[in-house]
Amino acid sequence: MITLSIKKAWNKGAAYAVAFGIVTMVGLAPGTTCADQQPPMLTVGYQSGMITSIYETTFQIDHRTYSLTPDAVLLDRHGDELNASYLRMDIEVKFHLQKDSKDKIDRMILFLPE
């Protein structure tokens, strides 16, 4: 009787060990690890719009005039840094205004056509 109980417990434990091993191996398979995935960009406090005009030192988003701070960061949708030459009309953007400012952008994401 005791031998049968130990055998059942052993089989159950072995089944759990195999299941755990499979789950662990699937989680470590190439292409599915967390390290391969780029974290989403945090856009809390960002506004959205479309660039409607570009001037020498300013530009408009949805017909409202803005400028970039001297240390502004421009990114593409993948988080890669861009320079101001990528600004052009009809590009969708998400932008963050400098603290205590209504028209100075310190961070902007450009959704360039792919």
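Residues numbered from 1 in each chain as written. Predicted model: local features only at pLDDT ≥ 70, side-chain atom pairs only at ≥ 80, totals over all residues. Heavy atoms only, no water.

## Looking at the overall build of the protein
Next up, step 1: The number of helices and strands found in the protein is 1 helix and 6 strands.
Next up, step 2: Shown N-terminal to C-terminal, the secondary structure of the protein runs as helices and strands in the order α-β-β-β-β-β-β.
Next up, step 3: Counting across all 114 residues of the protein, residues that qualify as buried make up 23%.
Next up, step 4: Within the protein, counting contacts between residues at least 6 apart in sequence, those at least 24 apart form 58% of the total.
Next up, step 5: As presented, the protein carries roughly 8700 Å² of accessible surface, and 60% of it is formed by carbon and sulfur atoms. (Helix = DSSP H or I, 4+ residues; strand = E, 2+ residues; numbered from the N terminus. Buried < 20%, exposed > 50% of the residue type's maximum accessible area, 1.4 Å probe, protein only. Contact = heavy atoms within 4.5 Å. Areas by Shrake-Rupley, 256 points an atom, 1.4 Å probe, with all protein chains shown as cover.)

## Brief notes about the environment of Thr 65
Next up, step 1: The topology assignment puts Thr 65 in strand E3 (residues 64-76).
Next up, step 2: In the structure, Thr 65 is positioned 37 residues away from Lys 102 in sequence and 9.8 Å away in space, judged by C-alpha atoms.
Next up, step 3: Setting aside anything within four residues of it in sequence, one finds Thr 65 in contact with Thr 58, Phe 59, Gln 60 and Asp 103.
Next up, step 4: At a separation of 3.2 Å, a polar atom in the side chain of Thr 65 contacts the side chain of Gln 60. (Polar contact = N/O pair within 3.5 Å; in protein donor to acceptor, adjacent residues only side chain to side chain.)

## A word on the pairing of strand E6 (residues 104-111)
Next up, step 1: In the sheet, E3 pairs with E6 via 6 bridges, with the strands oriented parallel. Each residue of the ladder has a partner; that of Leu 68, found in E6, is Ile 105.
Next up, step 2: Pairing of strand E5 (residues 92-97) with E6 involves 6 bridges; the strand directions are antiparallel. Its bridge partner lying in E6, Phe 95 is registered against Met 108.
Next up, step 3: Hairpin connection from E5 to E6: 6 residues lie between these consecutive antiparallel strands, with Asp 100 at a positive phi of about 65°. (Pairing = 2+ DSSP bridges.)

## Concerning the side chain of Gln 60
Next up, step 1: Looking at the secondary structure, you find Gln 60 in strand E2 (residues 59-61).
Next up, step 2: In contact with Gln 60, not counting residues within four places along its chain, are Met 50, Ile 51, Thr 52, Ser 53, Tyr 55 and Thr 65.

## Observations concerning the pattern of salt bridges
Next up, step 1: Evaluated as defined, the whole model comprises 1 salt bridge.
Next up, step 2: The partner of Glu 114 in a salt bridge is Arg 77, with the nearest N and O atoms 2.9 Å apart. Here the residue Glu 114 occupies a position in the segment after E6, and Arg 77 occupies one in the loop between E3 and strand E4 (81-82), the gap between them amounting to 37 residues. (Salt bridge = Lys/Arg side-chain N within 4 Å of Asp/Glu carboxyl O.)

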